[in-house]
Amino acid sequence: MAERKRNKEIHFYVTEEERKLIRRKMIESKTKNMGAYLRKMAIDGYIVNTDTTPLKKQYEEMHKIGININQIAKKVNTTGDLYPEEMQELKEMVKELWHILRSSPLK
């Protein structure tokens with residue numbers, strides 16, 4: 001048998017869940033050979049580190065506004081009453097939500 005071009009082995013361990021994830025990604029990449037996929041990812045693959053702090057802040061603000069809107073909606077559904085001040089407050093919250101979405105760093 002001819003000498004192997006690739007004659008050095010690299011071994012590493014993964015959990016069953018990690019193995020399934022690797023296999024799924026290999027299939028999604030249209031690669032049929034695990035060795036070829038792992039070699040390609042180890043050599044040419046890259047890790048993207050992203051700072052999601054702005055998104056977390058947006059989420060927190062939107063979550064707070066959502067809680068306020070739900071409280072008002074619950075009161076309206078219970079009593080059937082919506083005061084002009086509450087309607088104005090709802091309009092302001094919706095306006096603030098739109099402002100947050102428009103200033104999204106994902107544009």
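Our structure is the block above this text.
What comes next is a walk through the structure. Counting restarts for each chain, with residues numbered from 1 along the sequence as it is written. For a predicted model such as this one, the threshold for reporting local features is a pLDDT of at least 70, and the threshold for listing and counting side-chain atom pairs is 80 or more; totals across whole chains, interfaces and linings nevertheless cover every residue. Note that the side-chain values use all heavy atoms of the structure and ignore hydrogens as well as water.

Another aspect to go through is the overall build of the chain. A count of helices and strands for the chain gives 4 helices and 0 strands. Helix and strand assignments come from DSSP, with helices taken as H or I runs of at least 4 residues and strands as E runs of at least 2, each series counted from the N terminus. Along the chain, helices (α) and strands (β) appear in the sequence α-α-α-α when read from the amino end. Just to be clear, the radius of gyration here is over C-alpha atoms, and the globule rule we use is 2.2 Å times residues to the power 0.38. Relative to its length of 107 residues, the chain is extended, with a C-alpha radius of gyration of 26 Å against a globular reference of 13 Å. Taking the principal axes of the C-alpha coordinates as reference, the chain spans close to 85 × 30 × 25 Å. Buried, partly exposed and exposed residues are distinguished by accessible area as a fraction of the type maximum, computed with a 1.4 Å probe on protein chains only: under 20%, between the cut-offs, and over 50%, respectively. Put simply, the chain has 107 residues, and 10% of those count as buried. In what follows, a contact means two residues having at least one pair of non-hydrogen atoms within 4.5 Å. Restricting the contact set of the chain to residue pairs at least 6 apart, pairs at least 24 apart contribute 48%. Accessible surface area values rest on a Shrake-Rupley calculation with a 1.4 Å probe, where residue burial reflects the displayed protein chains alone. Surface accessibility of the chain: about 10100 Å² in total, with carbon and sulfur atoms responsible for 56%. When charges are counted, Lys and Arg are positive and Asp and Glu negative, with His and the chain ends excluded. Just so you know, the charge point we use is NZ for Lys, CZ for Arg, CG for Asp and CD for Glu. Separation of charge centres in the chain, based on 22 positive and 16 negative side chains, amounts to 11 Å.

With that settled, the discussion passes to helix H3 (residues 53-79). Owing to its 3.6 residues per turn, the α-helix brings residues three or four apart onto one side. With 27 residues, H3 should cover 39 Å at 1.5 Å per step; its first-to-last C-alpha distance of 39 Å lies within 8% of that length. Residues of H3 that are buried include every one of Gln58, Ile65 and Ile72, and no others. Structurally, H3 contributes buried residues whose contacts are with helix H4 (84-102). Multiplying 1.5 Å by the residue count of a helix minus one yields the expected span of that helix.

Mapped onto the elements, Glu86 comes out in helix H4. Setting aside its immediate chain neighbours within four residues, Glu86 contacts Ile72, Lys75 and Asp81.

Moving on to the pattern of salt bridges. Should a side-chain nitrogen of Lys or Arg be within 4 Å of a carboxyl oxygen of Asp or Glu, the pair is scored as a salt bridge. Enumeration over the complete set of coordinates arrives at 5 salt bridges. The salt bridge partner of Glu16 is Arg19, with a shortest N-O separation of 2.7 Å. Here Glu16 and its partner Arg19 are both found in helix H1 (residues 16-28), 3 residues apart, which amounts to about one turn of the helix. Judged by relative accessible area, Glu16 falls into the partly exposed class, the value being 39%. Given the relative accessible area of 37%, Arg19 is considered partly exposed.

Each axis is a line fitted through C-alpha atoms, and for a helix only the stretch in contact is used; angles between axes span 0 to 180 degrees, taken between their N-to-C directions. Contact pair H1 / helix H2 (residues 34-44): the axes reach a minimum separation of 10 Å and the direction vectors enclose 90°. When the interaxial angle is binned, H1 and H2 end up roughly perpendicular. In contact with Ile22, Arg23, Lys25 and Met26 of H1, H2 contributes Met34, Tyr37 and Leu38. Residue type decides the class: Asp, Glu, Lys and Arg count as charged, Ala, Val, Leu, Ile, Met, Phe, Trp, Tyr, Cys and Pro as nonpolar, and the leftover types, Gly among them, as polar. Split into classes, the residues belonging to the contact of H1 with H2 amount to 5 nonpolar, no polar and 2 charged. Angle categories are assigned with fixed cut-offs, so that under 35 degrees is roughly parallel, over 145 is roughly antiparallel, 65 to 115 is roughly perpendicular, and the rest are oblique.

Before going further, it helps to examine unusual backbone geometry. For Lys30, which is not a glycine, the phi torsion comes out positive at approximately 65°. One can find Lys30 in the loop between H1 and H2. On the accessibility criterion, Lys30 (75% relative accessible area) is exposed.

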